[in-house]
Every structure is written in C-alpha cells, then in structure tokens.
Amino acid sequence: MDQPLEPRSYLFTVRVWQEEIGHEQDEWRGKVQLLTNGEVRYFHDWQVLASLLLAMLAESQPNE
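Computed from a predicted model, the values in this text were never measured in an experiment.

## Looking at the confidence of the model for the protein
On average, residues of the protein carry a pLDDT of 86, and 84% of them reach 70 or more. Within the protein, the element-level pLDDT minimum falls on helix H1 (residues 46–60), averaging 89, and the maximum on strand E3 (residues 40–43), averaging 95.

## Examining the sheet that holds strand E1 (residues 12–22)
Read from one edge to the other, the open sheet built from 3 strands follows the order E1-E2-E3, with strand pairing classed as antiparallel. With one partner strand each, in any of the chains shown, E1 and E3 form the two edges of the open sheet. Between one strand axis and the next, the sheet turns by 20° as a mean value, whatever way the strands run. Relative to E3, strand E2 (residues 25–34) runs antiparallel, the two being bridged by 4 bridges. Looking across to E3, one finds that Lys31 is bridged to Tyr42. Packed onto the sheet, H1 meets E1, E2 and E3 and runs at close to 165° relative to E3.

## Thoughts on the nonpolar core
Val32, Leu34, Phe43, Leu49, Leu52 and Met56 form the largest nonpolar core, which has 6 residues in total. Contributing elements (two or more residues each) for this core: E2 and H1. Once residues lying within four places of it in the same chain are set aside, the contact partners of Phe43 are Val14, Val16, Arg29, Gly30, Lys31, Val32, Val48, Leu49 and Leu52.

## Considering unusual backbone geometry
Residue Glu24 is not a glycine yet carries a positive backbone phi of 55°. Mapped onto the fold, Glu24 is located in the loop between E1 and E2. Look at Glu24 and you get exposed, because its relative accessible area is 72%.

Parameters and conventions
Residues numbered from 1 in each chain as written. Predicted model: local features only at pLDDT ≥ 70, side-chain atom pairs only at ≥ 80, totals over all residues. Heavy atoms only, no water. pLDDT = per-residue confidence, 0-100. Helix = DSSP H or I, 4+ residues; strand = E, 2+ residues; numbered from the N terminus. Pairing = 2+ DSSP bridges. Axes fitted to C-alpha atoms, helices over the stretch in contact; angles between N-to-C directions. Contact = heavy atoms within 4.5 Å. Core = buried A, V, L, I, M, F, W, Y, C linked by side-chain atoms within 4.5 Å. Buried < 20%, exposed > 50% of the residue type's maximum accessible area, 1.4 Å probe, protein only.

As structure tokens, then:
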C-alpha cells in the first residue's frame, strides 16, 4: 500500500542590496539561501530569482 505524500516546506532567506556599479549608477543585487542545506545563489536580475528558487527546490528533491 502506498503511503500518502507528506507536504514539504522549504525555508529560504533572500537578501537584497543596492550596489554602485558606475558613476551615479546603481544596481540591485541579491543572495538567496536555502536554509535546510545551506546552498547559496546570487542574482542581479529580478526575473532570475524565481528561476533560482525553482532550481534549488528541484535539486533538493530526492531522486526516486
């Protein structure tokens, strides 16, 4: 008999900061960390953040 799947949750921290990249030019940068395993990824494009989260979740899934 198959056991029901237990819901999983993941805890991330996301840090963002503004960094000067040139004369009067700033860029938002960020760091996302999956706290369950300590994996860290960096980003500087907001659209990349969602992709990073999905990739980190997929990589943390056990292979069946």
